[in-house]
Amino acid sequence: MIAIRPAREEDYDDLARVWFEGYLASAEGSEEPITITSADLRARIPGDLAERALDQIFLGDGARGRGLGRQLLNFVKRELPDGFWLRTHISNVKAQGFYAHEGMTHTHDAPHPRHSEAMFRWYSWKS
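Small disclaimer: the values here were computed from a predicted structure and weren't measured.

K.L.:
Help me get a handle on the packing of helix α1 (residues 12-26) against helix α2 (residues 38-51), residues and values and all.
P.N.:
The geometry of α1 relative to α2 is characterised by a closest axis approach of 9 Å and an angle of 115° between their N-to-C directions. Here α1 and α2 pass one another in a crossing that is right-handed. Residues Y12, D13, L15, A16, R17, W19 and F20 of α1 pack against S38, L41, R42, R44, I45, P46, D48 and L49 of α2. Among the residues forming the contact of α1 with α2, the class breakdown is nine nonpolar, one polar and five charged.

So, in structure tokens, the structure goes:
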């Protein structure tokens, strides 16, 4: 079991590292250039956390394949019983298979809202 708690400012560097590792993993197999850096993500964290919007779940290197993603997704399902959506890079077939296996529904494919050159696959969940 993992412990989940609200992020604190002293966590932001680690959050940016995990986010960036997850971003790189999600773009594997894509021919699109990597246009974002860990520093870019680190700069976004305070604003993104203030918005309290969920659109991505990432695991860092070494954390995948151990059931942590399922635990994290189940936590989100409990916390957001009215439903939520997530997106993953169109080339990230591992995440797509995971989301489908965990009961999420593929709703559409569309460009990333901040990076229109990148195509993403969107999934939703409703209890």
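On we go.
K.L.:
With reference to specific residues and values, describe the pattern of salt bridges.
P.N.:
Inspection of every chain in the model, using the stated rule, returns nine salt bridges. Its salt-bridge partner being R8, residue E10 comes within 3.0 Å of it at the nearest N-O pair. Classification of R8 by relative accessible area gives partly exposed; the value is 40%. Here E21 makes a salt bridge to R17, at a shortest N to O gap of 3.3 Å.

K.L.:
Can you break down the sheet that holds strand β2 (residues 105-111) residue by residue, with the values?
P.N.:
Taken together, the three strands give an open sheet; going across it, the order is β1-β3-β2, and neighbouring strands pair in antiparallel fashion. Only two strands of the sheet have a single neighbouring strand rather than two, namely β1 (84-89) and β2. Taken over all neighbouring pairs, the strand axes of this sheet differ in orientation by 30° on average, direction set aside. Bridge count between β2 and strand β3 (residues 119-125): six bridges; the pairing is antiparallel. Paired with D109 across the two strands is R121, which belongs to β3. The sheet strands contacting helix α4 (residues 93-101) are β1 and β3, and the helix crosses β1 at an angle near 155°.

Rules and cut-offs
Residues numbered from 1 in each chain as written. Predicted model: local features only at pLDDT ≥ 70, side-chain atom pairs only at ≥ 80, totals over all residues. Heavy atoms only, no water. Axes fitted to C-alpha atoms, helices over the stretch in contact; angles between N-to-C directions. Helix = DSSP H or I, 4+ residues; strand = E, 2+ residues; numbered from the N terminus. Left-handed = near helix turned anticlockwise from the far one by under 90°. Contact = heavy atoms within 4.5 Å. Nonpolar A, V, L, I, M, F, W, Y, C, P; charged D, E, K, R; others polar. Salt bridge = Lys/Arg side-chain N within 4 Å of Asp/Glu carboxyl O. Buried < 20%, exposed > 50% of the residue type's maximum accessible area, 1.4 Å probe, protein only. Pairing = 2+ DSSP bridges.

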